[in-house]
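Okay, here's what each chain looks like letter by letter:
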Amino acid sequence: MELRELGNTGVKVPEVGLGTWNYKTGPEPIRKAVELGSFLIDTAEMYGTEEAVGEAIKPIRDQVFLASKVSGNHLRYDMVLEAAEGSLRRMGVDYMDLYQIHWPSHTVAIKDTMRAMETLVDRGLVKYIGVSNFNVQEMRDAMAAMSNYPIVANQVKYSLQVRHIERGLIPFCEENKVTVIGYSPLAVGALAPKSGDGSGPGFKALQQVAQKHGKTVAQTAMAWCLRHPSMIVIPKSQNLGRIEENCGAAGWQLDTDDLQALDKAFPA
Ligand SMILES: NC(=O)c1ccc[n+]([C@@H]2O[C@H](COP(=O)([O-])OP(=O)(O)OC[C@H]3O[C@@H](n4cnc5c(N)ncnc54)[C@H](OP(=O)(O)O)[C@@H]3O)[C@@H](O)[C@H]2O)c1
């Protein structure tokens, strides 16, 4: 598994991590992902999967880069601290590698939330601070609210079907050395139908590019996301075979012809 630097930290994370929203099975798929080098495991207090993640990583905690999130309705200073303690307790760990603000708040001052996030780092409960679903202005405000630590990642929706972050957010993150963690990179499965039978001109183009490289449609859709050097992706799967397949999105590149064909098939 190829690695990329997380923000400007010097810490390396895999190009393909594992999402756990809707993860409804035992520990094996998560352990398989880690064994294959897909060791960034993403969860959130609102997913209801922190216990399952904790259980899976118990014997391998030191091999995992563990990411969770505080919900957008828990962003007051004291609530953030409480939410983090809850996540740690449910996962049975004493620190999280990355703690992310799940959604920006329009009622709580960002300064208040960020002060809490920095307190968590000071207390050793969190290693790195991230955000999620923040636009450029929200990123600027959050960065300005930090006193001692950087924001190392912004987790946002990105796939061939959802490309709006290309115009402003990705260039901003690249300039500011913030990792973009692309969520729903398979458009929640729509880009890689399990039947293998997709429809529409987009799917045909994707299939052709995949065939040319001897890759699957899912691997090709995620390699397309990974053409941005600041990006990593976190597909969710609870299936051993598909986890292995998804790891094969890392470490290869699409060429200019492929990118043109996919641009035409999935216009920005
Ligand atoms: N920050 C946020 O607001 C936010 C929002 C949404 C998601 N996320 C994070 O991003 C992660 C991924 O996003 P997502 O779960 O929305 O969607 P996704 O990763 O695009 O798609 C997941 C779906 O695709 C299927 N799948 C996975 N690999 C496949 C493959 N190779 N071929 C065919 N089907 C495949 C999965 O089923 P199987 O499990 O059966 O393989 C699942 O149904 C989440 O789990 C979560 O951690 C974050």
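Residues numbered from 1 in each chain as written. Predicted model: local features only at pLDDT ≥ 70, side-chain atom pairs only at ≥ 80, totals over all residues.

Some words on the site of the ligand
Surveying the vicinity of the ligand reveals 28 residues, the closest of which are Gly19, Tyr183, Leu186, Gly189 and Lys236. By residue number, the principal contributor to the shell around the ligand is helix α9 (residues 240-247), which donates three residues. Grouping the constituent residues of the shell around the ligand by class yields 10 nonpolar, 13 polar and five charged. (Near = placed C-beta within 6 Å. Helix = DSSP H or I, 4+ residues; strand = E, 2+ residues; numbered from the N terminus. Nonpolar A, V, L, I, M, F, W, Y, C, P; charged D, E, K, R; others polar.)

Observations concerning the pairing of strand β7 (residues 126-132)
Across the seven residues of β7, six count as buried, placing the element largely inside the fold. Bridge count for strand β6 (residues 96-101) against β7 is five bridges, and the pairing is parallel. Looking across to β7, one finds that isoleucine 101 is bridged to valine 131. Following the backbone out of β6, through helix α4 (residues 110-122) and into the adjacent parallel β7, one traces a crossover that is right-handed. Relative to strand β8 (residues 151-157), β7 runs parallel, the two sharing four bridges. Bridge pairing in β8 places valine 131 opposite asparagine 154. Following the backbone out of β7, through helix α5 (residues 136-144) and into the adjacent parallel β8, one traces a crossover that is right-handed. (Buried ≥ 20, exposed ≤ 12 C-beta atoms within 10 Å, placed from the backbone. Pairing = 2+ DSSP bridges. Right-handed = clockwise from strand over helix to strand, strands pointing away.)

Focus: the sheet that holds β8
Spatial strand order, β3-β4-β5-β6-β7-β8-β9-β10: eight strands in an open sheet with parallel pairing. Only two strands of the sheet have a single neighbouring strand rather than two, namely β3 (18-19) and β10 (231-233).

Section: the packing of helix α3 (residues 77-91) against α4
Describing two packed helices takes the angle between their axes plus the distance from one axis to the other. One way to put it is that α3 packs onto α4 with a least axis distance of 8 Å and a crossing angle of 40 degrees. Put simply, α3 runs oblique to α4. The handedness of the crossing between α3 and α4 is right-handed. Here Tyr77, Val80, Leu81 and Ala84 of α3 come into contact with α4, specifically with Asp112, Thr113, Arg115, Ala116, Met117, Thr119 and Leu120. Of the residues belonging to the contact of α3 with α4, the class tally is seven nonpolar, two polar and two charged. (Axes fitted to C-alpha atoms, helices over the stretch in contact; angles between N-to-C directions. Parallel < 35°, antiparallel > 145°, perpendicular 65-115°, else oblique. Left-handed = near helix turned anticlockwise from the far one by under 90°. Contact = placed C-beta atoms within 7 Å.)

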